[in-house]
Amino acid sequence: MTQAATTSTDTGNADILAVAREQVLGRGEGLDKEQVLAVLRLGEDRLDDLLELAHEVRMRWCGPEVEVEGIISLKTGGCTEDCNFCSQSAVFDDSPVRGVWLDKTELVEAAKATAATGATEFCIVAAVRGADDKLLKQVDEGIQAIRAEGLDIPIAASLGLLTARTAKKLKEIGVHKYNHNLETARSYFPSVVTTHEWDERLATLELVRDNGMELCSGGIIGMGETLEQRAEFASQIAALDPDDVPINFLNPQPGTPFENMEPVSAFEALSVIAAFRLALPRTTLRFAGGREITLGDLGAKRSLLGGANAMIVGNYLTTLGRSIDDDLEMLDELKMPIKALSASL
């Protein structure tokens, strides 16, 4: 990503939104860490101005189209990792979800339902540390079955950590985009996960790029991180120059170490989305899990008018989402067309 020409000192002497208007909207150069922090420190009285600018940036550098994605869990629960936000971890004694595998027929039906909405993408997810041969075989067979039904929807995957071999195999079987979230800032990661390191996630993202797949990486806001760490996280994501950045908001799950955390406010959520847009002017910015409890219907509209240009429709991995019809109706009301299917599968 092109580094901002305006220094942090300059930001301190000028209104950050004025700086961002010239730097991001005018030149397409994303804000740096200190500048993002200045945005996150703006009060509620500046929120409307912030959202308006983020929307202008989105429209100028990305356009009005919205990318719509459906996700399906091929393997749910029983994960060996101890991500403190996740009810799919087998580490926590009270975790309500154990390892359950989806069969091929169910996978194909889910792909059909997703394609019928006009969605841009279908993502196959599995709760695992990493993709082993069994999982790769199932994904391969699933993709073949989907294609045999004549469905040309692009297929993404999120199967945990990758090796050089598994990354190469995923590309060969037709995965066009791979998701692996950094989840949070490097400095805060040990407070969220201890069974693997932030740098292992980063190495997986490098393998995604090395093997010619599109790169999708974002994280979860509201896990106890500071504003400074949110700004750090935005700058670390921006340094990757990803194709797609999903922004989730913590939806505290029973049985997990984060079950008693309070969800972030709508003001915080909207500020984060706008700040990430100003750090990543050309990236697909996808608001995803937790948006229902954090933003509600009005907030969802404000997100799309405040920097976001992609969304996940339907249910998430372990939580319920909004009705697909409600989301599509909202896009129609906002006059935001769904982006056409990718020409390269």
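Every value quoted in this text rests on a predicted model; they were computed, and no experiment measured them. (Residues numbered from 1 in each chain as written. Predicted model: local features only at pLDDT ≥ 70, side-chain atom pairs only at ≥ 80, totals over all residues. Heavy atoms only, no water.)

## Some details on the pattern of salt bridges
Enumeration according to the criterion identifies 28 salt bridges in this entry. The partner of Glu141 in a salt bridge is Lys137, and the shortest N-O contact between them spans 2.5 Å. Residue Glu141 and its partner Lys137 are located together in helix α6 (residues 133–148), separated by 4 residues, close to a single helical turn. Owing to a relative accessible area of 31%, Glu141 belongs among the partly exposed residues under this scheme. Measuring nitrogen to oxygen at the nearest pair gives 2.9 Å for the salt bridge that ties Asp244 to Lys177. Of the two residues, Asp244 sits in strand β8 (residues 244–249) while Lys177 sits in strand β5 (residues 177–179), which places them 67 residues apart along the sequence. (Salt bridge = Lys/Arg side-chain N within 4 Å of Asp/Glu carboxyl O. Helix = DSSP H or I, 4+ residues; strand = E, 2+ residues; numbered from the N terminus. Buried < 20%, exposed > 50% of the residue type's maximum accessible area, 1.4 Å probe, protein only.)

## As for the UniProt feature "binding site: [2Fe-2S] cluster" (unreviewed entry) in the chain
Feature annotation in UniProt assigns "binding site: [2Fe-2S] cluster" (unreviewed entry) to the following positions: Cys123, Cys216 and Arg286. A stretch of 164 residues holds the annotated residues, and the largest C-alpha distance among them is 13.6 Å, short enough that they meet in one place. Here Cys123 lies in strand β3 (residues 121–126). When residues no more than four places from it in sequence are discounted, the contact partners of Cys123 are Glu69, Gly70, Ile71, Ile72, Ala156, Ala157 and Ser158. Inspection of the secondary structure puts Arg286 in strand β9 (residues 284–287). Arg286 has contacts with Glu67, Val68, Glu69, Glu121, Lys177, Asp244, Val245, Pro246, Ile247, Ala310, Met311 and Ile312, leaving out every residue within four places of it along the chain. (UniProt positions renumbered as here; feature names shortened; annotations may be inferred. Contact = heavy atoms within 4.5 Å.)

## Points about the environment of Asn181
Examined against the element boundaries, Asn181 turns out to sit in the loop between β5 and α8 (198–210). For Asn181, a relative accessible area of 11% gives the class buried. It is 9.5 Å that separates the C-alpha atoms of Asn181 and Ile237, two residues lying 56 residues apart in sequence. Not counting the four nearest positions on each side in its chain, Asn181 is found in contact with Arg201, Ser217, Gly218, Gly219, Pro246 and Asn248. Separated by 2.9 Å, the side chain of Asn181 and the backbone nitrogen of Gly218 make a polar contact. (Polar contact = N/O pair within 3.5 Å; in protein donor to acceptor, adjacent residues only side chain to side chain.)

## Let's talk about helix α7 (residues 164–173)
Within α7, burial applies to Thr166, Ala167, Leu170 and Ile173. Projected onto a plane normal to the axis of α7, the buried residues spread over an arc of 135 degrees and lie on a single side. Opposite the buried face of α7, at more than 90 degrees from it, the exposed residues are Ala164, Arg165 and Glu172. At its buried positions, α7 is contacted by α6, β5 and α8. Positioned one or two residues after α7, Gly174 has a phi angle of 110 degrees, which is positive. (Arc of directions from axis to C-beta.)

## Structural notes on the UniProt feature "binding site: [4Fe-4S] cluster" (unreviewed entry) in the chain
With numbering aligned to this structure, UniProt lists the feature "binding site: [4Fe-4S] cluster" (unreviewed entry) at Cys79, Cys83 and Cys86. Turning to its location among the elements, Cys79 is positioned in the loop between β1 (67–76) and β2 (100–101). Summarising the element assignment, Cys86 is placed in the loop between β1 and β2. Excluding its chain neighbours within four sequence positions, the residues that come into contact with Cys86 are Phe92 and Thr256.

## A closer look at the nonpolar core
Counting 103 residues, the largest nonpolar core has Phe122, Leu159, Leu170, Phe276, Leu278 and Leu304 as its most contacted members. At 10 residues, the largest contribution of residues to this core is made by helix α10 (residues 266–279). When sequence neighbours within four positions are dropped, the list of residues in contact with Leu159 reads Ile124, Val125, Ala126, Val128, Gly130, Ala131, Leu135, Val139, Leu170 and Tyr178. Val125, Ala156, Ala288 and Ile312 belong to the second-largest nonpolar core, a separate cluster that totals 6 residues. (Core = buried A, V, L, I, M, F, W, Y, C linked by side-chain atoms within 4.5 Å.)

## What about the packing of aromatic side chains?
The relative placement of two aromatic rings is captured by the distance of their centres and the angle of their planes. According to the stated counting rule, one finds 1 aromatic pair in the structure shown. Here the basic side chain of Arg282 rests over the ring of Trp61, its NZ or CZ set 4.2 Å away from the ring centre. (Phe/Tyr/Trp six-rings, centres within 6.5 Å; stacked < 30°, edge-to-face > 60°. Lys NZ or Arg CZ within 6 Å of the ring centre and 35° of its normal.)

## Points about the environment of Lys168
With respect to the element layout, Lys168 can be found in helix α7. Each C-alpha atom, one on Lys168 and one on Met213, is 9.5 Å from the other, the two residues being 45 residues apart in sequence. Here Glu172 takes part through its side chain, which lies 2.5 Å from a polar atom of the side chain of Lys168.

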